[in-house]
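Take a look at the letters that make up each chain.
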Amino acid sequence: MVNRLILGDNLETLKSMDGETVDLIYLDPPFFSNSDYEVIWGDEGEVRSFQDRWAGGIEHYIAWLKERVVEMHRVLKPTGSIFLHCDWHADAYIRVEILDKIFGRNNFINEIVWCYAGPANVKNRLAQKHDMIYFYSKTDRYFFDGDSIRLPYNEETVARTSRGASNTGIMAGVKGDISERHKSRLNEKGKFPEDYWVDIPRLQGNASERIGYPTQKPFALLERIVKCASNEGDLVLDPFMGGGTANIKQRNDFGLDGKMPDNTPIQVKRSENVGRSVVDNFFAAVQRSDKKLFDKNIAAAKPAGYIIAFSFGRGAVEEVARLKLKEHIIIELVRIDTIIPVSKKPNITFEINELSRSAGGVREIEFIATGHSDAGIEF
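Draft legend 1. View of the pattern of salt bridges. Taken as a whole and judged by the stated rule, the model has 21 salt bridges. Here E71 and R74 are joined by a salt bridge, their closest N and O atoms 2.8 Å apart. Taken as a pair, E71 and R74 lie in helix α2 (residues 57-75) at a separation of three residues, close to a single helical turn. Judged by relative accessible area, E71 falls into the buried class, the value being 14%. On the basis of relative accessibility, which here comes to 30%, the residue R74 falls in the partly exposed class. Taken together, the shared-partner salt bridges connect R276, D280, E319, R322 and E327 into one network.

In structure tokens form, the structure reads like this:
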């Protein structure tokens, strides 16, 4: 199956999917943190924001997430599993009110603690430096390959393993170099991982894989989950996607983001007013990625590739026109609003009425807000 990115409401998309078709689900939904996050997206430095606010409190948040997890359970294969990423704001509610009730307590596999370091700006409590990842299966026939994520042995892991063995009495009474004696008993493939992960740091501001998404998760974290809970060729679903960490690029993808069913390349730019430099770079990447397909599309007068963005600048439009006229090379510029009606903003109106005024000057005011949306938004 070709990798696919879907822009839309994940609840509606999940409802449209066939049941029991997905092997693994990883989700990193908005946390119940009551925080605003501001994002600097890509080339033009445009500011986009999303909110993690729940006016109805924890009950509202749990109800919102629960109806989505119900659909995730439906689309999972009997051999499939789910990894739900959350933090202290709502982890207990998520486990008891959502996962236990939908997947069943008997299908709880692991509570993975992802530990990380960072500045602590608190004085009256311990610094909260971990997230929870709940691992549940759909049935007792789930797939798991712990050997695929064994940790390489080094001085730290050997010492920690030895200390753990000594503390349980296994190595009690043994004198001398415990690490050296213990090494011979360790699996040569590496150390079997525990349910607390301390070796994967959070992404720092200067990390090469960082794209500016405020809650972006490191590639290594997703890689470990995908490796242990799926086989090559399995269908992996990330219904919240976030910064796109789960959209793993191939080693020789030349920076391209996807392909059409006939393998024609696609580039996705999350910005407005995309300029000529994007067209130039895409044009070069398309030729390097598959020269035979490029020549075939040109000979058939078909698009050599597609660039998708919110809007395109004059330079990009003129360069695409020049390529078509002078070199008979077609590159399609596709605005996102031609795929999904993201530009149809709702019309909101407010009406203010004075209902009464007391002798002391106290006024009773009525505010009425109404909304209309051609895109089908309900108010």
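From this point, the discussion proceeds with the structure in view.
Draft legend 2. Expanded view of the side chain of D100. With respect to the helices and strands, D100 occurs in helix α3 (residues 91-103). Here D100 sits buried without a salt bridge, and the closest side chain of opposite charge, R105, lies 4.5 Å off (N-O distance). If we skip the residues at most four places from it in the chain, D100 touches R95, R105 and Y136.

Draft legend 3. Looking closely at the sheet that holds strand β1 (residues 22-27). Read across the open sheet, the six strands follow the order β7-β5-β6-β4-β1-β8; overall the sheet is mixed. The two strands at the open ends of the sheet, each matched to only one other strand, are β7 (196-197) and β8 (236-237). Inspection of the sheet shows β1 paired to strand β4 (residues 76-86) by five bridges, in the parallel sense. Note that in β4 the partner of I25 across the bridge is I82. Helix-sheet contacts for α2 involve β1, β4 and β8, and the interaxial angle to β4 is about 150°.

Draft legend 4. Examining the nonpolar core more closely. Ranked by internal contacts, the top residues of the largest apolar core, which has 30 residues, are I25, Y61, L65, V69 and I94. Listing elements by their share of this core, those giving two or more residues are β1, α2, β4, α3 and β6 (130-137). When residues of this core are assigned to their parent elements, the largest contribution, eight residues, is made by α2. Non-local contacts of L65, meaning those with residues more than four positions away in its chain, are made with L27, P29, I94, I98 and F240. F283, A304, I307 and V320 belong to the second-largest nonpolar core, a separate cluster that totals 18 residues.

Draft legend 5. Main features of a nonpolar patch on the surface. Nonpolar side chains collect at one region of the surface, where I352, I365 and F367 lie side by side and expose about 320 Å² of accessible area between them. For I365, a relative accessible area of 30% translates into the label partly exposed.

Draft legend 6. The arrangement of α2 in detail. The first and last C-alpha atoms of α2 sit 28 Å apart over 19 residues, in line with the 27 Å expected at 1.5 Å per residue. Buried within α2 we find I58, Y61, I62, W64, L65, R68, V69, E71, M72 and V75. The inward-facing, buried residues of α2 abut α1 (10-16), β1, β4, α3 and β8.

Draft legend 7. Looking closely at the pairing of strand β5 (residues 108-115). Here seven bridges tie β5 to β6, and the two strands are oriented antiparallel to one another. What sits directly across from N110, in β6, is F135.

Draft legend 8. Structural view of the pairing of strand β13 (residues 347-357). Relative to strand β14 (residues 363-372), β13 runs antiparallel, the two sharing 10 bridges. Looking at the pairing, S356 lines up with E364 of β14. Hairpin connection of β13 to β14: five residues between the antiparallel strands, including G361 at a positive phi of 90°.

Draft legend 9. Molecular detail of the packing of α2 against α3. Contact geometry of α2 with α3 gives a least axis separation of 10 Å together with a crossing angle of 30°. Relative to α3, α2 is oriented roughly parallel. Where α2 crosses over α3, the two elements pack in a sense that is right-handed. Residues I58, Y61, I62, L65, K66, V69, V70 and H73 of α2 touch α3, and the partners they reach there are Y93, I94, E97, I98, L99, K101, I102 and F103. Partitioned by chemical class, the residues of the contact of α2 with α3 number 12 nonpolar, one polar and three charged.

Draft legend 10. Expanded view of the side chain of N107. Residue placement: N107 occurs in the loop between α3 and β5. Here N107 falls in the buried class, since its relative accessible area comes to 15%. Within the structure, N107 has its side chain in polar contact with the backbone oxygen of F103 (distance 2.8 Å). Once residues within four sequence positions are removed from consideration, N107 is found in contact with F135, Y136, S137, K138, T139 and D140.

Procedures and definitions
Residues numbered from 1 in each chain as written. Predicted model: local features only at pLDDT ≥ 70, side-chain atom pairs only at ≥ 80, totals over all residues. Heavy atoms only, no water. Salt bridge = Lys/Arg side-chain N within 4 Å of Asp/Glu carboxyl O. Helix = DSSP H or I, 4+ residues; strand = E, 2+ residues; numbered from the N terminus. Buried < 20%, exposed > 50% of the residue type's maximum accessible area, 1.4 Å probe, protein only. Lys, Arg positive; Asp, Glu negative; His and termini not counted. Contact = heavy atoms within 4.5 Å. Pairing = 2+ DSSP bridges. Axes fitted to C-alpha atoms, helices over the stretch in contact; angles between N-to-C directions. Core = buried A, V, L, I, M, F, W, Y, C linked by side-chain atoms within 4.5 Å. Patch = residues over 30% accessible without salt bridge, like charges linked within 9 Å, V, L, I, M, F, W, Y side chains within 5 Å. Areas by Shrake-Rupley, 256 points an atom, 1.4 Å probe, with all protein chains shown as cover. Expected span 1.5 Å × (residues − 1). Parallel < 35°, antiparallel > 145°, perpendicular 65-115°, else oblique. Left-handed = near helix turned anticlockwise from the far one by under 90°. Nonpolar A, V, L, I, M, F, W, Y, C, P; charged D, E, K, R; others polar. Polar contact = N/O pair within 3.5 Å; in protein donor to acceptor, adjacent residues only side chain to side chain.

None of the figures reported here should be taken as evidence of function without further support.
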